[in-house]
Amino acid sequence: MTGSLQLPYSKSISNRLLIIRALSGLDFPIHHLSDAGDTILLTRLLEVIARNTGGHRMVELDTGNAGTAMRFLTALLSLTPGKWILTGSDRMKERPVGILVDALKPLGAHIEYLADLGYPPLMIKGNNLKGGEVIIDPGISSQFVSALLLIAPVIPGGLGLFLRGPAVSFPYVDMTIRLLHDFGVQVTRDKNRIQVTEGKIIPGEYTVETDWSSAAFWYEAVALSEEAELLLTGLRQDSLQGDSIVARLFRELGVNTEYLPDGVRLTKSGGTAENFTFNFSDYPDIAPAVIASCAFLGIHGRFEGLKNLKIKESDRLISLKNEFVKAGLSLEADISSEHIRMIEIPRQEVHPRPGIEFETYGDHRIAMTMAPLALRLGEITIREPEVVTKSYPGYWEDMKRVGFEVL
């Protein structure tokens, strides 16, 4: 497997920039804005909001399966004049938002649940929020914290957040803080407390980085190859993205990363660890690719910090377990506990099994995790392949570019 690929630009950075731009009130340029379905959807919804701000009729906004849009817009609409219904797909209605709503209400937000308590859809009446102190549990989704941080500079008096309990995906909170700094917002952090000072967002053009989360699936492909050399252009070693840790993790799985001025070069290094252990609390999005690589390389793996995989586009632990069984692999998984979710994979031999059909559960990262398994199993079928458009619309074309046959 050889080739050169330009990966998509980061939707995590893009979506934060879109909210920052909306709050600034000025249309500053964002270069290399992600073309991911989530970002396109958020852009469209923000345009609808701009056209209807201050209106008297109820406006319905459908976030589909975009969790970032649901969480960020819950916060944004709470201070946007108007009457709003914020809804989403059937799966979105199963993904909790109550922790964020509970944090917004003491600030003056008017939010009601239209169905199940703690879950979308929501009815929101935009209101003048007031600053103060908020206590929030960061252990379910970092997006709740980021949503509050993004609106904090335009709340009179600013906002102090006290994080109660261990956090998940905290590098995404750091990303939000660093982006706010780039636009002139004063943010300070002292252990479990974050303070955002009220102040003007200073607009300025911004160029979005290439997406490290998407790179994980190419690291997986290289790990599962006999020989490989891939150039992934645009990836930066000094990245805002916590998922850049994927380079270090895959070193143990036989993938060498060479940082170049225009990206990274991945090559098969040969040696792999016999045992692999990692806690994914801060990096849940790259967990499926790492878990699959260990399983299909015959490496004994123990993976912890997976509790919030339950509330992704699918319950990713159950999705992985169900699909790996089709390839003859067993997983010892604690998938029932709300607090400690883990997978342990015994060392197993993988044999070709052409003809397997893998389900994707409407989950882009499950689809992209399963596709490289063809390197070990032979010809496979991926159901609902279009789900990759959520984060990586060009994924299947990129697979063709590096030598996969995709029909």
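As shown above, the structure is provided for reference.
Quick caveat, the model's predicted, so the values are computed rather than measured.

Reading the values: rules and limits
- Residues numbered from 1 in each chain as written.
- Predicted model: local features only at pLDDT ≥ 70, side-chain atom pairs only at ≥ 80, totals over all residues.
- Heavy atoms only, no water.
- Axes fitted to C-alpha atoms, helices over the stretch in contact; angles between N-to-C directions.
- Helix = DSSP H or I, 4+ residues; strand = E, 2+ residues; numbered from the N terminus.
- Parallel < 35°, antiparallel > 145°, perpendicular 65-115°, else oblique.
- Left-handed = near helix turned anticlockwise from the far one by under 90°.
- Contact = heavy atoms within 4.5 Å.
- Nonpolar A, V, L, I, M, F, W, Y, C, P; charged D, E, K, R; others polar.
- Phe/Tyr/Trp six-rings, centres within 6.5 Å; stacked < 30°, edge-to-face > 60°.
- Buried < 20%, exposed > 50% of the residue type's maximum accessible area, 1.4 Å probe, protein only.
- Pairing = 2+ DSSP bridges.
- Salt bridge = Lys/Arg side-chain N within 4 Å of Asp/Glu carboxyl O.

J.: I keep staring at the packing of helix H2 (residues 37-52) against helix H3 (residues 67-77) and nothing clicks. Help me out?
T.: Two numbers describe a pair of packed helices, the interaxial angle and the distance between the axes. Closest axis-to-axis distance for the H2/H3 pair is 11 Å, and the angle between their directions is 20°. Taken as axis vectors, H2 and H3 run roughly parallel relative to one another. Seen along the crossing, H2 lies across H3 with a hand that is right-handed. Residue-level contacts link Leu 42, Leu 45, Leu 46 and Ile 49 of H2 to Ala 69, Leu 73, Leu 76 and Leu 77 of H3. Residue composition of the contact of H2 with H3, by class: eight nonpolar, no polar and no charged.

J.: Please clarify how the packing of aromatic side chains should be interpreted in this entry.
T.: What describes a pair of aromatic rings is the distance from one ring centre to the other and the angle between the planes of the rings. Scanning all chains against the criterion turns up 11 aromatic pairs. Their ring planes at 45° and their centres at 5.6 Å tell us that Trp 218 and Tyr 395 sit as a pair that is tilted. Taken together, the residues Trp 218 in helix H7 (residues 212-224) and Tyr 395 in helix H13 (residues 395-401) connect sequence positions 177 residues apart. Take Trp 218: its relative accessible area is 1%, and that puts it in the buried class. An aromatic cluster of three or more residues is present, and its members are Phe 276, Phe 278, Phe 280, Tyr 283 and Phe 303.

J.: So what exactly am I meant to see when it comes to the sheet that holds strand S14 (residues 263-268) here?
T.: Pairing between sheet strands relies on hydrogen bonds along the backbone, with the strands arranged either parallel or antiparallel. Pairing is mixed in the open sheet, where four strands are placed in the order S1-S12-S14-S13. One side of each edge strand has no neighbouring strand; the edge strands of this open sheet are strand S1 (2-6) and strand S13 (255-260). Sheet twist, expressed as the mean angle between neighbouring strand axes with direction ignored, is 20°. Two strands pair when backbone bridges link them, and S1 and strand S12 (residues 229-233) are joined in this way by five bridges, in the parallel orientation. The residue of S12 that forms the bridge with Gln 6 is Thr 233. The strands that H7 touches are S1, S12, S13 and S14; relative to S14, the one it contacts most, it runs at about 25°.

J.: I keep staring at the pattern of salt bridges and nothing clicks. Help me out?
T.: Side chains bearing opposite charge may pair, as long as their charged atoms lie close to each other. This model, assessed by the stated rule, comprises 24 salt bridges. A salt bridge links Lys 400 to Glu 397, with the shortest nitrogen-to-oxygen separation between them at 3.3 Å. Here Glu 397 and Lys 400 lie together in helix H13, a separation of three residues that amounts to about one turn. Take Lys 400: its relative accessible area is 39%, and that puts it in the partly exposed class. Given a relative accessible area of 42%, Glu 397 falls into the partly exposed group. Sharing partners across several salt bridges, the network here consists of Lys 11, Asp 38, Asp 285, Lys 312, Glu 313, Arg 316, Asp 363, Arg 365 and Lys 390.

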